[in-house]
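Tertiary structure, described
Chain by chain, the residues:
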Amino acid sequence: MRLINAQTRKLENFQSQPPPYAILSHTWGKHEITFREMRNLNMSLLKHRIKIKGKPGYYKISKACVQALNDGLQYVWVDTCCIDKSSSSELSEAINSMYMWYKRAQVCYAYLDDIDIIDLMEEKDLAQARWFTRGWTLQELIAPKNVMFYIKGWNYVGNKMSMKGKLSRITRIDEATLVTGNLEGVSVARRMSWAANRVTTRTEDLAYCLMGIFDVNMPLLYGEGEKAFVRLQEEIMKDSDDQSLFAW
């Protein structure tokens with residue numbers, strides 16, 4: 001596992017048990033920081049460092065690092081720059097492990113960068129955040145025990161516990177599951193329903209983003225399209241006799 005040292009902003013590798021860390025949940029934009037940019041940041045020319053640090057993607061990383069240090073944590077994991085996506089094996093391992101990485105995090109910072117303070121007067125305005133429409137953020141909401149929500153400008157608005165009622169109504173996930181993260185008693189159909197209206201950039205990710213929700217692993221085959229969802233169903237069937245699966 002590769003983590004960002006929140007103090008030095010350098011990437012560090014941990015082959016076995018990683019140290020306590022914070023993790024960022026966010027929606028990707030056009031100007032995210034890549035693994036290569038983060039790895040070479042401190043070795044880049046000054047003009048390149050200034051350019052990279054001026055990106056909106058670096059703002060999120062920087063804020064997460066500062067927040068982690070304030071929370072007594074030395075390390076942060078961010079999906080945009082902690083995975084070398086040029087390595088298919090590393091990408092596959094990361095996606096298969098991601099649910100557990102979020103679950104093991106000391107705290108998850110959920111950044112809703114398209115919601116402003118003024119919008120929070122109504123629950124329906126909070127529900128407009130793109131974060132609630134993405135496939136990957138479903139597991140990022142359920143897996144961590146402690147999720148802290150920040151909106152535009154990194155303004156704190158509450159945590160999963162204090163916002164459980166709002167979050168339940170917006171996502172249709174029952175409060176007990178939100179609070180405990182326990183999915184054992186939740187039917188396959190019900191879990192699938194949580195993801196029904198969520199979207200991903202790539203078709204295959206509609207299946208891959210649910211692997212952690214169903215506690216299954218499978219190889220990534222980008223280019224297979226909707227066949228990925230069929231493979232997901234097959235993997236679920238191997239470990240479950242829940243007939244509600246066939247509703248999907």
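Residues numbered from 1 in each chain as written. Predicted model: local features only at pLDDT ≥ 70, side-chain atom pairs only at ≥ 80, totals over all residues. Heavy atoms only, no water.

- Under the annotation held in an unreviewed UniProt entry, the protein chain carries the name HET-domain-containing protein and is attributed to Lojkania enalia.

1. Regarding the UniProt feature "domain: Heterokaryon incompatibility" (unreviewed entry) in the protein chain
- When the UniProt feature table is mapped to this numbering, "domain: Heterokaryon incompatibility" (unreviewed entry) covers residues 21-114.
- For residues 21-114, the end-to-end C-alpha separation is 25 Å, with 49% helix and 15% strand making up the annotated structure. (UniProt positions renumbered as here; feature names shortened; annotations may be inferred. Helix = DSSP H or I, 4+ residues; strand = E, 2+ residues; numbered from the N terminus.)

2. Re unusual backbone geometry
- Unlike most non-glycine residues, Arg9 shows phi in positive territory, near 65°.
- Within the secondary structure, Arg9 is located in the loop between β1 (2-5) and β2 (11-13).
- Residue Arg9 is classed as buried on the basis of its relative accessible area of 17%.
- A positive phi is found at Trp154, a non-glycine position, where the angle reads about 55°.
- As for its placement among the helices and strands, Trp154 is situated in the loop between β6 (147-151) and β7 (155-159). (Buried < 20%, exposed > 50% of the residue type's maximum accessible area, 1.4 Å probe, protein only.)

3. A look at the packing of aromatic side chains
- Across all of its chains, the model carries twelve aromatic pairs by this definition.
- For the ring pair Trp131 and Phe132, a centre distance of 5.2 Å and an interplane angle of 90° mean the geometry is edge-to-face.
- For Phe132, a relative accessible area of 8% gives the class buried.
- Aromatic pair Trp131 and Phe149: ring centres 5.6 Å apart, planes at 85°, arrangement edge-to-face. Placement of Trp131 in the loop between α5 (123-126) and α6 (136-142) and of Phe149 in strand β6 is noted, with a sequence separation of 18 residues between them.
- In this structure Trp131 comes out as buried when scored by relative accessible area, which is 1%.
- Clustering of aromatic rings is evident, with ring pairs tying together Tyr59, Tyr109, Tyr111, Tyr150, Trp154 and Tyr156. (Phe/Tyr/Trp six-rings, centres within 6.5 Å; stacked < 30°, edge-to-face > 60°.)

4. Remarks on the side chain of Ser25
- Inspection of the secondary structure assignment puts Ser25 in strand β3 (residues 21-25).
- A relative accessible area of 0% places Ser25 in the buried class.
- A distance of 2.5 Å separates the side chain of Ser25 from the side chain of Glu140, its partner in a polar contact.
- Excluding anything up to four places from it in sequence, Ser25 contacts Tyr102, Cys108, Tyr109, Ala110, Tyr111, Trp131, Thr137 and Glu140. (Polar contact = N/O pair within 3.5 Å; in protein donor to acceptor, adjacent residues only side chain to side chain. Contact = heavy atoms within 4.5 Å.)

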